Amino acid sequence: MFTFKKSERLCGTKQFAELFASGRSFVVFPYRIVFLEKEADNNPAVLFAVSIPRRRMKRAVDRNKLKRRTREVWRKNKADLIDHFTKHHKKCYVAFIYLENDLVSYQVAERKIKDAINRLIKETSEYF
RNA sequence: ACGGCAGGAGACUCUAUCGCUGCAAUUUUUUGCAGAGGAAAGUCCGGGCAACGCAGAGCGCCAUACUUCCUAACGGGAAGGUGCCCGUUUCUUUGAAACGGGUAACAGCAAGUGCCACAGAAAAUUACCGUCCGCCAAAAGCGUGAUAAGGGUGAAAACGUGAGGUAAGAGCUUACGGGUGUUGCUGGCGACAGCAGCAUGGGGUAAACCUUAUGGGUUGAAAGGUCAAAUAUGUCUGGGUUUGAGGAUUGCUCGUCCGAUCCAGGCGGGUAGACCGAUAGAUCCGUACAGUGAUGUGCGGACCAGAUCAAUGAUAGAGCCCCUUAUGGGUGACAGAAUCCGGCUUAUACUCCUGUUGUUACC
RNA sequence: GGUCCAUUCGUCUAGGGGUUAGGACGUCAGGUUUUCAUCCUGGUAACAGGGGUUCGAAUCCCCUAUGGACUA
C-alpha cells in the first residue's frame, strides 16, 4: 500500500501538457498544487509529479533532497486520496510545484502535504 | 607544545522497518545481488564513437611554442637546461661558488610595420643648454659647420672604468670587465655548458599586428540508427543524351553536383512513443621485472550505477567527532551520475602524514 | 546535454593601453516664481571579484561569480 512505482508517476510530454493546459490549481505554502480529474481506467487512480524550479534552488543536491522528501511524504499519505477517487470511479493527475527559496524540514513538509491532500479531496468532491 | 602556509591521503560506520532503479533466478509474486564523486562541478583542453561536406585542393581562421621522453592524444605529466627570487654553507666581505627550495605564455622586436601618454633637446636617421671651428680686430650675433664628454626629464637615454688621442670630442684606438651574434674544438641524444678566435654597439613592447615551425576538415549523443499509431502525398536508385538560367555544397574561392529528357527498377519518407547508441573498459586490485622518473610489459584475480519529467531515499536506535561538561545539547564539509575515457582548473568541515615558518618553555 | 555572449554612477549607455572614465534621465543643494512645474548653476554617484603581461590595464590574457541568447 505504501508503494510508489513507475506506473504511479506522471510521465511523458503529453500527460504533462494535458495537466498544465487544462488543470486547476491552489496554493498550500510552500507548494502549488496543480490537478486534473479524468474518467477511471485500468491504470492507478492517482498519478503524481513533483517539480522544483532551478531558479529557486540553485544546487542540484538541494533539489534532489526536496524531491525525495516530497515523494516520501506522498508515498506515506496518499492512501486516503486513492480511496476517494476509486470510490467515485475517477482518476487524477497531481503535480506539486515548490515555491519557497529555502529547504523545509521533513516534519513541515509532511504537515503541509497532509493539508494539501485534504484540500484536494474537498475541492474534487464538489463535482461528484 | 601551540599556531600559520604549502603539498599529499581519507573524507562517517553499523542495525531494524518502510520504499525506489537495474540485473538474475523463480515462476506470477516472491527471493537474491548491485546501486553517486574526488571532484560526478566548471566545460578549459585532448581522444574514442557517430554523422555530414555527393571527390578534393587552396586561402582564411584557431591553437601551441627551451630540450628530451611518456602517452591513444593533449595546452597534461616526468626528467633536465637557462633566467629570476629566497635560504644555508664556504671563501671572503664589492661579491663569487656549491647545495636546497620556489617560479617562468622561456621561439623570433639582429625580418617588416605600429605604439611608447606626461615630462624631456631627443623615445630611435637625436641636439635645447654646452664644447669646438669659421665669419668679425674683439665682444655680441650669425652658420645646409663639427661633436655627443657634462646638464636636467623620464618606467626606459644610445656599453662601464682607466689610458692614449683630438680644434673640441666620441669604441676613434687600446687594456680590463661585461652584453650580443657567429666560427672552431671538447662534453652531452638534445636544450646547453666550457675554452679559443672573429665581428658588433643593436632601447622596450609579439597576453601589438605579424614571421617561423607544428597541429586541427566541420559538427556533437538533443550525434546517429531500427520499429512505427496519427497526418500529408510523392520520392529514390542505376545508365545514356543535351545544356547550364537559377540553385545546392564547410567561413571564402576554385572545383563538384542538382537541372531537362529518355530507358530500366524499387516503395518509401515520417511526428507522439518504444528500442539500439548505453555502460567490459587506453577498466580496477595485487605482484614481478625494466626505467632516475612519468610510464610500460608479463602473470594472477575481479566485474564495479545505468535512469530518461529522470533511481540511489525516509524514520528510529547505537557508535565515532565537537562544545559545555558526571547530566544535556549540537554538528558531519564541498557537493548529486545523464555517451564514455585521459587530464587541467575551481570548491572542500574534520582527521592523519610530510616540508617550511613564527611564538613560548626546557636542556 | 552542447555552443556562444555580456557585466561601466540608482537606470540607459560612450570609451577598445596614457589627463580627474564622458553623456542623458534620476537624485541633492542653490537661484528664478506669490507657490508649483519649466528653466539656469553646482554637487553626488560607477569600470563584477581575484591574479598575470606592461613603465602604465575599464581596455590585453587566465581563473571565479552572476546574468542572458541559441540549439529538441
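The paragraphs below set out a description of the structure included in this document.

Cut-off values and rules
- Residues numbered from 1 in each chain as written.
- Chains lettered and ligands numbered in written order.
- Predicted model: local features only at pLDDT ≥ 70, side-chain atom pairs only at ≥ 80, totals over all residues.
- Heavy atoms only, no water.
- Phe/Tyr/Trp six-rings, centres within 6.5 Å; stacked < 30°, edge-to-face > 60°.
- Helix = DSSP H or I, 4+ residues; strand = E, 2+ residues; numbered from the N terminus.
- Buried < 20%, exposed > 50% of the residue type's maximum accessible area, 1.4 Å probe, protein only.
- Lys, Arg positive; Asp, Glu negative; His and termini not counted.
- Salt bridge = Lys/Arg side-chain N within 4 Å of Asp/Glu carboxyl O.
- Contact = heavy atoms within 4.5 Å.
- Core = buried A, V, L, I, M, F, W, Y, C linked by side-chain atoms within 4.5 Å.
- Pairing = 2+ DSSP bridges.

This brings us to the packing of aromatic side chains. Taken as a whole, this structure holds six aromatic pairs when the rule is applied. Aromatic pair Trp 74 and Phe 96: ring centres 5.9 Å apart, planes at 65°, arrangement edge-to-face. Within this pair, whereas Trp 74 is found in helix H2 (residues 60-77), its partner Phe 96 is found in strand S4 (residues 90-98), the two being separated by 22 residues in sequence. Grouped by ring-pair contacts, the aromatic residues Tyr 31, Phe 48, Trp 74, Phe 96 and Tyr 98 constitute a single cluster.

This brings us to the side chain of Arg 63. For Arg 63, the position within the fold is in helix H2. For Arg 63, which is buried and forms no salt bridge, the nearest opposite charge comes from Asp 62, at a distance of 7.9 Å. Setting aside its immediate chain neighbours within four residues, Arg 63 contacts Ile 52, Pro 53, Arg 54, Met 57 and Lys 58.

What follows deals with the nonpolar core. By size, the foremost hydrophobic cluster in this structure holds 28 residues, and its most contacted members are Ile 33, Trp 74, Leu 81, Val 94 and Phe 96. The element best represented in this core is helix H4 (residues 106-125), accounting for six residues. Look past the residues within four positions of Ile 33 in its chain and what remains in contact with it is Arg 24, Ser 25, Phe 26, Val 28, Val 94, Ala 95, Phe 96 and Ala 116. Judged by nonpolar contacts, the second largest core, of nine residues, contains Val 34, Leu 47, Ala 49 and Ala 95.

Now for the pairing of strand S2 (residues 31-39). Note: strand S1 (residues 24-28) against S2, five bridges, orientation antiparallel. Bridged to Ser 25 within S2 is Val 34. The antiparallel pairing of S1 with S2 creates a hairpin that spans two residues between the two strands. As paired elements, S2 and S4 share nine bridges and run antiparallel to each other. Among the inter-strand pairings, Glu 37 is bridged to a residue of S4, identified as Cys 92.

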